[in-house]
Amino acid sequence: YPTLLRTKADGGLDFVPSYKKAKEALAWMGCEARSAILDVLDEAIADKKAQVRGVLYDLNEPGIVSRLEKLGKRLKVIIDDDGAHGKPKSAETAAAKRLIKSAGKDNVQRQHMGKLQHNKIVVVDGPKTSAAVCGSTNHSWRGFFVQNNNAIILRGKAPMKLFKSAFEDYWNN
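One structure accompanies this document, and this report is about it.

How each quantity is defined
One numbering rule holds for all chains: residues counted from 1, following each sequence as written. Given that the model is predicted, a residue must reach a pLDDT of at least 70 before its local features are reported, and side-chain atom pairs must reach 80 or more before they are shown or counted; all residues, however, enter totals for whole chains, interfaces and linings. Excluding hydrogens and water, the side-chain figures rest on all heavy atoms present in the structure. Two strands make a pair as long as DSSP finds a minimum of two bridges between them. Each helix is a run of DSSP H or I of at least 4 residues and each strand a run of E of at least 2, with the numbering of both proceeding from the N terminus. Axis definition: a line fitted to C-alpha atoms, limited for helices to the stretch in contact. Angles are taken between N-to-C directions and run from 0 to 180 degrees. Any two residues whose heavy atoms approach within 4.5 Å are treated as being in contact. For every residue, the accessible area obtained with a 1.4 Å probe (protein chains only) is divided by the maximum for its type, and the residue is called buried under 20%, exposed over 50%, and partly exposed between those limits. As used in this structure description, the phrase polar contact means that two N or O atoms lie within 3.5 Å; if the pair is within protein, one of them must be able to donate a hydrogen and the other to accept it, and residues adjacent in sequence are counted only when both atoms belong to side chains.

1. Re the pairing of strand S3 (residues 108-111)
The side chains of a regular strand alternate, residue by residue, between the two faces of the sheet. Bridge count for strand S2 (residues 75-80) against S3 is 4 bridges, and the pairing is parallel. In the sheet register, Val-77 faces S3, and the bridge partner there is Val-108.

Next comes the structure, spelled out in structure tokens:
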């Protein structure tokens with residue numbers, strides 16, 4: 001049978017759907033949250049001086065991780081390592097290893113966020129892009145394509161500074 005989604009919620013970054021029209025189906029299923037978050041990351045990649053900060057819980061969607069890798073040392077990210085997320089073969093551990101390679105070990109932290117961390121954020125601070133992504137949407141197969149979550153994109157210096165300050169609090173404490 002062709003597959004569209006992982007059968008296990010904790011799936012890794014290596015899953016590739018075999019369903020013939022997966023690209024179209026997933027775009028529809030992911031609706032605005034996925035495309036809006038990908039758009040913000042693409043803007044950050046294009047804005048060569050933009051700094052990106054993220055607090056991420058579930059992290060197993062390849063499109064997100066590959067974009068974060070493209071940011072190199074402009075990225076600082078906190079990835080959950082509580083429970084299944086901290087296991088050696090988890091997607092979050094694999095993502096952390098990949099991001100350490102691209103961003104450097106000093107720019108990637110693992111933190112115990114507990115079982116229900118709903119404050120996921122991505123902050124872009126650049127000359128062309130000032131944005132904050134906030135909400136409950138996990139950066140995962142289930143978060144984008146199965147669960148009912150929300151993601152809000154706030155634009156401008158004021159929201160960016162507010163969420164950047166929140167990131168710094170997570171990072172330092």
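That shown, we press on.
2. So, the sheet that holds S3
Read from one edge to the other, the open sheet built from 6 strands follows the order S3-S2-S1-S4-S5-S6, with strand pairing classed as mixed. If you trace the sheet from one side to the other, it starts and ends with S3 and strand S6 (151-155), each paired once. On average, each strand axis in the sheet is inclined to that of its neighbour by 10°, with strand direction left out of account. Direction of pairing for strand S1 (residues 51-56) relative to S2: parallel, over a ladder of 5 bridges. Within S2, the residue paired with Val-52 across the bridge is Leu-75. On top of the sheet, helix H5 (residues 157-172) reaches S1, S2, S3, strand S4 (120-125), strand S5 (130-135) and S6; it is set at about 120° to S4, its chief contact.

3. Overview of the environment of Ser-140
By the element assignment, Ser-140 lies in the loop between S5 and helix H4 (141-145). By relative accessible area, Ser-140 is classed as buried at 1%. Along the primary structure Ser-140 and Phe-167 are separated by 27 residues, whereas in three dimensions their C-alpha atoms are 20 Å apart. Apart from residues no more than four positions distant in its own chain, Ser-140 is found in contact with Asp-58, Asn-60 and Glu-61.

4. Points about helix H2 (residues 62-70)
Every α-helix carries 3.6 residues per turn, so stepping three or four residues along brings you back to the same face. Every buried residue of H2 is listed here: Gly-63, Ile-64, Val-65, Arg-67 and Leu-68. The distance from a side-chain oxygen at the start of H2 to the backbone nitrogen of Gly-63 is 2.8 Å, and the residue carrying that oxygen is Glu-61. Downstream of H2 by a residue or two, Gly-72 has a phi angle that is positive, lying close to 55°.

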